[in-house]
Amino acid sequence: MRDPLPAVRRRTAGDLGGCVRALAAVHAHDGYPVNWPDRPGDWLAQPSQHAAWVAERDGRIVGHVALSPAETGDAAPGVWSRRRGLGTDATAVVGRLFVAPEARGHGSGALLIAQAVGEARERGLHPVLDVVASDTAAAALYERLGWELLATTEQRWGPGQTVILRSYAAPGTAAR
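Presented here is a report on the structure given in the accompanying data block.

### Some remarks on the pattern of salt bridges
Then comes step 1: In total, this model carries 9 salt bridges according to the counting rule given.
Then comes step 2: One salt bridge in this structure joins arginine 39 and aspartate 42, with 2.4 Å as the shortest N-O distance.
Then comes step 3: Among the residues examined, aspartate 42 registers a relative accessible area of 40% and is labelled partly exposed.
Then comes step 4: Look at the salt bridges and you will find they share partners, linking Arg9, Asp15 and Glu56 into a network.

Pasting the structure below:
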């Protein structure tokens, strides 16, 4: 018998401790996020977010995703918007997505992405995202789910740190 799918629900303030523990495991395993934040709970719970969700298995938080408006430094909203002749306010950025290493292979990532995409569509926005090119597992997931690679760009994240980003857009068009 196959394991049941994880439960996905809105993130609450009380979930942040579990989210940070799962994120720490992801960082140790995969190096995401590339630069560990000084305050990981604040990094996950940005005030500008439209919404955020967690995936749970056996009462434990094993994944997270957030949906946010485009911000300075996000590449995908600009690329998608220029191609469509629209402003970046027509997009919503899927981000802060991770699944704990021990919980992978049970559909958590796809469920979290579907939740964020559904919320973006309800808001009349087109979901986009950026991923560091070295995160090949994440890129493979997005491509398996039908996301379109928009561009590969180089971005400076600070003195002496340059990263290559792959920008993606969800399949289909927004209602707007």
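### Focus: the packing of aromatic side chains
Then comes step 1: Tallied over the entire structure, the rule returns 3 aromatic pairs.
Then comes step 2: Relative to tryptophan 147, the ring of tyrosine 142 lies with its centre 6.0 Å away and its plane at 50°, an arrangement referred to as tilted. In this pair, the class of tyrosine 142 matches that of tryptophan 147, namely buried.
Then comes step 3: Taken together, the ring pairs in this structure connect Tyr142, Trp147 and Tyr168 into an aromatic cluster.

### Thoughts on helix α1 (residues 16-30)
Then comes step 1: Compared with the 21 Å implied by 1.5 Å per residue over 15 residues, the 20 Å span of α1 between its first and last C-alpha is a close match.
Then comes step 2: Within the span of α1, buried status applies to Leu16, Gly18, Cys19, Ala22, Leu23 and Val26. Take α1 and look down its axis: the buried residues cluster within an arc of 155°, on one side only. Facing away from the buried side of α1 by over 90 degrees, the exposed positions are Arg21 and Ala28.
Then comes step 3: In this fold, the buried residues of α1 make contact with α2 (40-44), β2 (51-57), β3 (60-68) and β4 (91-99).

Parameters and conventions
Residues numbered from 1 in each chain as written. Predicted model: local features only at pLDDT ≥ 70, side-chain atom pairs only at ≥ 80, totals over all residues. Heavy atoms only, no water. Salt bridge = Lys/Arg side-chain N within 4 Å of Asp/Glu carboxyl O. Buried < 20%, exposed > 50% of the residue type's maximum accessible area, 1.4 Å probe, protein only. Phe/Tyr/Trp six-rings, centres within 6.5 Å; stacked < 30°, edge-to-face > 60°. Helix = DSSP H or I, 4+ residues; strand = E, 2+ residues; numbered from the N terminus. Expected span 1.5 Å × (residues − 1). Arc of directions from axis to C-beta. Contact = heavy atoms within 4.5 Å.

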